[in-house]
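Notes for the structure review
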There are 4 protein chains.
Amino acid sequence: MELNGVEIEDTFAEAFPIKIARVLITAASERWVNVAATEATGFGTSVIMCPAEGGIEKFVTGDETPDGRPGAYIQICTFGYKSLEEQLLERIGQCVLTAPTTAVFNGLPDAEKQFDTGFKLKFFADGMESETEVAGRKAYKIPMMEGDFIVEHSIGAVGGVAGGNFFILGDSQMSALTAAEVAVDAIKKIEGSITPFPGGIVASGSKVGANKYKFLKATANEKFCPSIKKEVEGTEIPDDVEAVYEIVINGLNTDVVRDAMQTGIKAAVTIPGIKKITAGNFGGSLGPYKFNLRDLL
Amino acid sequence: MELNGVEIEDTFAEAFPIKIARVLITAASERWVNVAATEATGFGTSVIMCPAEGGIEKFVTGDETPDGRPGAYIQICTFGYKSLEEQLLERIGQCVLTAPTTAVFNGLPDAEKQFDTGFKLKFFADGMESETEVAGRKAYKIPMMEGDFIVEHSIGAVGGVAGGNFFILGDSQMSALTAAEVAVDAIKKIEGSITPFPGGIVASGSKVGANKYKFLKATANEKFCPSIKKEVEGTEIPDDVEAVYEIVINGLNTDVVRDAMQTGIKAAVTIPGIKKITAGNFGGSLGPYKFNLRDLL
Amino acid sequence: MELNGVEIEDTFAEAFPIKIARVLITAASERWVNVAATEATGFGTSVIMCPAEGGIEKFVTGDETPDGRPGAYIQICTFGYKSLEEQLLERIGQCVLTAPTTAVFNGLPDAEKQFDTGFKLKFFADGMESETEVAGRKAYKIPMMEGDFIVEHSIGAVGGVAGGNFFILGDSQMSALTAAEVAVDAIKKIEGSITPFPGGIVASGSKVGANKYKFLKATANEKFCPSIKKEVEGTEIPDDVEAVYEIVINGLNTDVVRDAMQTGIKAAVTIPGIKKITAGNFGGSLGPYKFNLRDLL
Amino acid sequence: MELNGVEIEDTFAEAFPIKIARVLITAASERWVNVAATEATGFGTSVIMCPAEGGIEKFVTGDETPDGRPGAYIQICTFGYKSLEEQLLERIGQCVLTAPTTAVFNGLPDAEKQFDTGFKLKFFADGMESETEVAGRKAYKIPMMEGDFIVEHSIGAVGGVAGGNFFILGDSQMSALTAAEVAVDAIKKIEGSITPFPGGIVASGSKVGANKYKFLKATANEKFCPSIKKEVEGTEIPDDVEAVYEIVINGLNTDVVRDAMQTGIKAAVTIPGIKKITAGNFGGSLGPYKFNLRDLL
């Protein structure tokens, strides 16, 4: 199967369950929304060694927010609800409450699981806080140096999907990287999904476990390393490929991960020099979710 | 004392010791330097609840880097060397090694304290790594999906200064915020200092401890909260002030913190509507470093 | 009438007819779309002394473009079709054809007026050009240094509206400026309209003709100049206002100008410190279109 | 000769004389400097069909400007001083005076040739203007809607150099384009030079005159067109090259053009996939300035 002349390998991406909290951050302008959302989702690429995975899902206009100001939905992801609640409190408390002109609203008001993060954050006001309501949502007003910080009482979370992915193989590093960049740009328009790695892109790739250094949980996936393709038996790197980038996608459910993969792949193959699209899986050992590339295209 | 017609209060900023590691990240282009440096220093505003404080110190051209590519110095700060080493390994391993086209070099090659972070990261290559040298620096080459990742053997650290600060009081929230923005822009040119909060700016402010909620280590500094100035006895908010922003500065030593404060204040007072510059201290109870505002101007 | 506590003056914006060509620029990525669109619409604020008015209308995803790549609609505006055709040829030929990875499509394929700009640009290929088709649109392929430049045969134009406007009066310059910035951000989402001034904002304002220097077609509107409000009889600047910014809007028809004014005003009044919204008119002497502020809110 | 493994052809860039005015724009923040400078230098890639060539030379901090605010030097270039004066008046009057928070200073105060552009712009104030002085420079204060616009009396100009250039040949379009991007980034640090094309990059390339369409002054340079390399006798495109980008440089004198070419080439060859650097000349028929590539490296 080919898409825009690019081979789509007959394989699947393997993904696994994760808990996802979704927060709507608003601010005076899009610039300040971006500043807060970026800080709050930083150091958040992979739960292997980051305290959470995080990313900006999408930007919204004032028409779509409770306070009529521009905003962004962010996602924070960990394996369990306990660590998720801690991360929410820390990331909102330290990176959004402290950021210029922000307010915080519940990004999943209909979810069954709700954390009382706003209720807990209000204690920062040291007794000067008050309850308020914004567009029918129960919230708190916390006086601080810039004025009042508004935070909704609850933040919702769901069981979602982590590790949706596809690989972009290019004839040069810059072909593959530009394709990765445009794939991430396209996925930003898909509601419900994030690409948690730096700029949305994975330059490293990894396999579960190790051949040599058994003390590591994840190591380089040598079969997808172009610089050593001549030395690695069973390399997956074709002769005409010089670089590979992976796009990793988390999402609220399998549908949005599927949409994001489809949209990202369609964008990637518009870049000249892309030779092949494939995906990462571990033969089904990693997780219960499978996304077959050819099915979704 | 006045600067550009703005009152400079006769007070001092109080700062305290912290351990700082300094990393030089290079990449194919300034854009990708910024992507990696931003991810690696995210969720890094205050050690109160973040695992480290972090920030981008300055961008440098290819003339100033070992591999001739554009780069940025970042700082990672924690209270002790043990937690600092962990943070370095996690933040470089998860947010820079994974980012497109990056390499990592020692930002403090002459410091006494050196972590073998590069040596440890090379195990990711699972036996395919090799030693190399870049501009006389011992480094490792780690094959990965995009090609080879280069990381220097050691990353240096020093005992530095955290919590240098000044407050900007404005006649409107946007006057104060724009002044904070231009102060941060100006400080970015000062070698050796970072402003770890979101966009370099603190919107919240805090005092040590609490009046009412004694279980909290830090709460809102009610004397600097404009929205409740009429209710707070001893408020520090003048009648004509509607908003306050704080710039917090960490630096490799007291000299760079002093320079950054001076440069930031000079920039802030160019914005119309700024009424006063002051600084945060706790009567000397917090830390050993004092920066008197009038002395440094 | 008040909106979010801000007085909306009972007045109208006066606008006039202009000819508008609409071009769809696509490129490999959003970044390169923006580079080309910015250059092509530069030096394009007002036909008083610019050869055309121009602006980026909106960005679109690959789903919405003939070649599946990201794009942007731009508008180029002059008083007559003859000068408009010249400007199209010059701006596309010099600023889009020369820009990395771009293609050019007709932004108004259903308009009655069509220029054969693509047909004329193909002569640049000096005989090496060929006809092609993209998503059913007749186009030309022009070999050049980066590869092939694709340009559609025709570019459409219509009689549209120029000079839709509103004024934002703020308690400080930075309040008014931030409100102007967020108004422009919001208008960017409205299909069919542009804000041709720098950053979408007019800092100067003007009246038709002059009191003293009769050789000028337009001079400062002294009744809206805050720094001389005490010296100008009949000043329109209230005591508590320190700065005014104007948003000027061009659009394909009166409906989109109305939508853009409404959306922009709603966004502007979310910023603290905004005191009043008004609009510019010349008692009906300038143009036939009138947009009453209170009617559209 | 090779640089970083990339062949440097033994050839020269041919450049020609142009008149250059240099303007220092300051504003409240770097963002607003950039907005005004971008608008003022737009529609300014080549004098073949643009009214002027223009570009942002470099950004400067408040330490380096008369009013202590951040700024940028821009250059405006035309063949004669008469057209240059007109362009200055139009571009400053329409794109800088109208832009938020800007002021305008003389970028070449020591040049022999001085235009009284500030003197002429002051008439916009319609009698409300006043003379003032900023850091010893004679200037005018023009009341307008946002407050007062400050413009220095004179703007200086010199006879400079246009058309300095080099070509980047890459194994894929994205390799060549990324190399072009980093070359332009590097040249931005060189005082005295600009790269007037979109994003600093020429995607088209051209030769003087035409083979077939004699009515055109410039047409595609078929010998450097990769997509038709098999059909063009004497093609300059090697087998392993898929795309070429040209960087065109204007500068105040031959030294800065030489520096910019050297800096840009050094940056370009850091990108993997670059095969060759060459330059454009017309055998000496176009202009008196020759920059030999191997001499400057």
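Source: prediction; values computed, not measured.

Quick notes on the rules
- Residues numbered from 1 in each chain as written.
- Chains lettered and ligands numbered in written order.
- Predicted model: local features only at pLDDT ≥ 70, side-chain atom pairs only at ≥ 80, totals over all residues.
- Helix = DSSP H or I, 4+ residues; strand = E, 2+ residues; numbered from the N terminus.
- Buried ≥ 20, exposed ≤ 12 C-beta atoms within 10 Å, placed from the backbone.
- Contact = placed C-beta atoms within 7 Å.
- Domains from an automatic or database assignment.
- Nonpolar A, V, L, I, M, F, W, Y, C, P; charged D, E, K, R; others polar.
- Least-squares fit on C-alpha atoms with pLDDT ≥ 70 in both.
- Pairing = 2+ DSSP bridges.
- Expected span 1.5 Å × (residues − 1).
- pLDDT = per-residue confidence, 0-100.

Focus on the overall build of chain A
Regarding its fold elements, chain A presents six helices and 17 strands. The principal-axis extent of the C-alpha atoms belonging to chain A is close to 65 × 40 × 30 Å. Counting all 297 residues of chain A, 63% fall into the buried class. Excluding contacts between residues fewer than 6 apart, the proportion of contacts in chain A whose partners are at least 24 apart in sequence is 73%.

Here's the deal with the domain arrangement of chain A
Residue and element names in this part refer to chain A. We note that the domain assignment places domain 1 (2–14 + 160–296) and domain 2 (18–158) within chain A. Using only C-alpha atoms to locate each centre, domain 1 and domain 2 end up separated by 30 Å. Listed by partner, the interface residues are 17 residues for domain 1 and 14 residues for domain 2. Sorting elements by how many residues they give to the side of domain 1 that touches domain 2 places strand 11 (residues 155–170) first, with three residues. Residue composition of the side of domain 1 that touches domain 2, by class: eight nonpolar, five polar and four charged.

Digging into the interface of chain A and chain C
Across the contact, 18 residues belong to chain A and 18 residues belong to chain C. Of all the secondary-structure elements, those providing two or more residues to the side of chain A that touches chain C are helix 4 (173–187) and helix 5 (254–268) of chain A. Among the elements that take part in the side of chain A that touches chain C, helix 4 of chain A stands out by supplying five residues, more than any other. Partitioning the side of chain A that touches chain C into residue classes produces six nonpolar, six polar and six charged.

What to know about the relation of the copies chain C and chain D
Turning chain C through 180° and shifting it by 0.0 Å along the axis lays it on chain D, with an RMSD of 0.0 Å. Considering both components of the superposition, the chain copies are consistent with a two-fold axis. Residue Gly42(C) of chain C places its C-alpha closer to the rotation axis than any other residue of that unit, at 1.9 Å.

What about the environment of Gly200(C)?
Residues and elements named next belong to chain C. Assignment of secondary structure puts Gly200 in the loop between strand 12 (193–194) and strand 13 (207–208). Considering only alpha carbons, one finds Gly200 and Ile249, 49 residues apart in sequence, at a separation of 8.5 Å. In this view, Gly200 contacts Val184, Thr195 and Ile247; residues no more than four positions away in its chain are not counted.

Some words on the pairing of strand 11 (residues 155–170) of chain C
Residues and elements named next belong to chain C. Counting buried residues in strand 11 gives 13 out of 16 residues, a clear majority hidden from the surface. In terms of strand pairing, strand 3 (residues 12–26) meets strand 11 through six bridges, oriented antiparallel. When the bridges of strand 11 are listed, Ala21 appears paired with Ala157. In this sheet, strand 11 lies alongside strand 7 (residues 113–115) in antiparallel orientation, the contact comprising three bridges. When the sheet's bridge partners are listed, Lys113 is paired in strand 11 with Ala157. Strand direction decides the pairing type here: strand 11 and strand 15 (residues 243–251), joined by eight bridges, are antiparallel. Looking at strand 15, one finds that Leu169 is bridged to Val244. Of the pairings in the sheet, the one linking strand 11 to strand 16 (residues 274–278) comprises four bridges and is antiparallel in character. Its bridge partner lying in strand 16, Ile168 is registered against Ile277.

Quick look at the interface of chain C and chain D
Opposite the 66 residues of chain C that make contact, chain D presents 66 residues. Every element with two or more residues in the side of chain C that touches chain D is listed here: helix 1 (30–41), helix 2 (81–95), strand 9 (137–144), strand 10 (147–152), helix 4 (173–187) and strand 15 of chain C. By residue class, the composition of the side of chain C that touches chain D is 37 nonpolar, 20 polar and nine charged.

Considerations on the relation of the copies chain A and chain C
Once chain A has been moved 0.0 Å along the axis and rotated by 180°, it coincides with chain C to within an RMSD of 0.0 Å. Both copies present the same face, since 100% of the interface residues in chain A are matched by interface residues at the equivalent positions in chain C.

Focus: helix 1 of chain C
In a regular helix each residue adds 1.5 Å, so 12 residues correspond to 16 Å; helix 1 of chain C covers 16 Å between its end C-alpha atoms and thus fits that length. Among the 12 residues that make up helix 1 of chain C, 10 are buried, leaving the element largely enclosed by the rest of the structure. Within helix 1 of chain C, the full set of buried residues consists of Glu30(C), Trp32(C), Val33(C), Val35(C), Ala36(C), Ala37(C), Thr38(C), Glu39(C), Ala40(C) and Thr41(C). Looking at the packing, one finds that the buried side of helix 1 of chain C touches helix 4 of chain A, strand 3, strand 4 (53–60), strand 5 (71–78) and helix 2 of chain C together with helix 1 (30–40) of chain D. Backbone geometry just downstream of helix 1 of chain C places Phe43(C) in the positive-phi region, at approximately 45°.

Some remarks on unusual backbone geometry
The phi dihedral of Asp126(B) is positive, around 55°, even though this residue is not glycine. Relative to the helices and strands, Asp126(B) resides in the loop between helix 3 (117–121) and strand 8 (130–134). Of note in this structure, Thr101(D) is not a glycine but carries a positive phi near 65°. For Thr101(D), the location among the structural elements is in the loop between helix 2 (81–95) and strand 6 (103–106). Judged by the 26 C-beta atoms lying within 10 Å of it, Thr101(D) falls in the buried class.

Things to note about the environment of Asn292(C)
Turning to its location among the elements, Asn292(C) is positioned in strand 17 (residues 289–292). Between the C-alpha atom of Asn292(C) and that of Glu9(C), which follows or precedes it by 283 residues, the distance is 9.5 Å.

Concerning the confidence of the model for chain A
For chain A, the mean per-residue pLDDT works out to 97, and 100% of the residues sit at or above 70. Interface confidence for the predicted complex, expressed as ipTM, amounts to 0.97; the pTM equals 0.97.

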